[in-house]
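Okay, here's what each chain looks like letter by letter:
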Amino acid sequence: MASVTSATSAGPAELTAELRGFREVQRLAYDCAEAVAAQLKPGITERAAARMQREWLRERGVRDWFHLPFAWFGDRTAFADFRIPLQFFPTNRELEPGMAFILDMAPVHQGFTADIGYSGCLGLNPVHDRLLADLEAHRELILREVRERRSLREIYEDVERLMVRQGHTNRHRAYPFGVIAHKIDRVKQRRWSPTLFGFGTQSLKGLASDALHGHRDGWSPLWSPYTFSDHPPQPGLWAVEPHLGFRGTGAKFEEILVVTDSKDPQESAFWLDDDLPHVRRWQEEKAA
């Protein structure tokens with residue numbers, strides 16, 4: 001963890017080699033999401049879409065995962081009636097015209113980890129368009145309040161209040177522990193990289209180690225609404241995923257937020273990359 005923390009102190013103006021490695025795998029994952037989204041058509045299943053993500057990334061050298069790819073279609077993008085973890089796994093739900101979808105993947109490439117979420121729609125869907133537009137305010141709020149060194153729990157509550165003002169429901173509460181984010185780090189490259197319940201064992205070991213050290217030092221690698229997240233952001237890399245729901249439709253983004261120990265507010269926290277599909281969409285809408 002120390003290597004990531006020290007590497008981030010360079011700030012957003014000039015990324016270190018360490019941060020460039022994380023940015024490259026994050027871009028690789030978003031390239032995969034855009035490529036797979038462009039191939040989706042009516043009748044394709046969530047399982048097929050998840051398989052397309054795995055194959056696309058494996059063709060480009062990915063051999064390990066924080067978690068294997070997910071795909072959710074229709075009301076499953078809002079985690080409708082999700083009660084147990086098994087419901088997150090891809091199903092035989094078929095994509096239909098006008099239906100929203102989310103592609104979510106967390107590849108590890110050359111030891112660097114990314115965890116991304118891509119929201120799209122097969123054709124026109126005004127509800128989905130509104131959800132995507134409303135996510136921009138959450139990206140701004142999260143960055144601002146992390147720079148203010150508010151506690152993770154307080155920021156979580158402010159995100160939820162913003163969702164309510166927008167008329168939406170908080171769907172990341174359906175995730176295990178209700179998390180909106182989790183820490184990520186480097187992963188040792190190994191010739192054999194097994195998975196357990198869809199998660200890479202190497203990444204799970206790293207998260208468990210963070211949880212152990214964090215518990216001892218008074219912080220958690222999970223950003224949740226619970227008391228164990230009642231502390232300021234810990235320096236390092238966080239995969240952040242605000243997830244909105246409205247009338248059976250969900251949308252989110254997920255990307256890496258860099259937190260440092262710098263006293264300069266602009267360098268104390270920053271999004272690793274602004275050249276991402278959802279950010280470009282907002283910029284294009286403003287330009288139009």
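Our structure's up above, just so we're on the same page.
About the thresholds
Residue indices follow the written sequence of each chain, beginning from 1 at its first position. Local features in this predicted model are restricted to residues whose pLDDT is 70 or higher, and side-chain atom pairs enter the listing and the counts only when it is 80 or higher, whereas totals over whole chains, interfaces and linings include all residues. Hydrogen atoms and water are omitted, and side-chain values are computed over all heavy atoms in the structure. Two strands are said to pair when DSSP picks up at least two bridges between them. For the purposes of this entry, the term helix denotes a DSSP run of H or I that reaches at least four residues, the term strand denotes a run of E that reaches at least two, and both are numbered from the N terminus. The aromatic pairing rule takes the rings of Phe, Tyr and Trp, using the six-membered ring of Trp, and pairs them if the centres are within 6.5 Å, calling planes under 30 degrees apart stacked, those over 60 edge-to-face and the rest tilted. Under the scheme applied here, a residue whose accessible area is under 20% of the maximum for its type counts as buried, over 50% as exposed, and between as partly exposed, the area being computed with a 1.4 Å probe on protein chains only. By definition here, a salt bridge exists when the distance from a side-chain nitrogen of Lys or Arg to a carboxyl oxygen of Asp or Glu is within 4 Å.

(A) Expanded view of the sheet that holds strand E6 (residues 181–184). Pairing is antiparallel across the open sheet formed by 5 strands, whose spatial order is E9-E6-E10-E13-E14. Of all the strands in the sheet, just strand E9 (222–223) and strand E14 (269–271) have a single pairing partner and so form its edges.

(B) Summary view of the packing of aromatic side chains. Taken as a whole and assessed by the stated rule, the structure comprises 13 aromatic pairs. Note on Phe 70 and Phe 89: the rings are 5.7 Å apart at their centroids and 50° apart in plane angle, and the pair reads as tilted. Highlighted residues: Phe 70 in strand E1 (residues 64–73) and Phe 89 in the loop between E1 and strand E2 (100–109), separated in sequence by 19 residues. Phe 89 sits in the partly exposed class, given a relative accessible area of 28%. Taken together through their ring pairs, the aromatic side chains of Phe 70, Trp 72, Phe 79, Phe 82, Phe 88, Phe 89 and Tyr 175 make up a single cluster.

(C) Fine view of the pattern of salt bridges. Applying the stated criterion to the full structure yields 24 salt bridges. Here Lys 252 makes a salt bridge to Asp 104, at a shortest N to O gap of 2.4 Å. Highlighted residues: Lys 252 in strand E12 (residues 249–252) and Asp 104 in strand E2, separated in sequence by 148 residues. This pair shows no difference in class: Lys 252 is buried, exactly as Asp 104 is.

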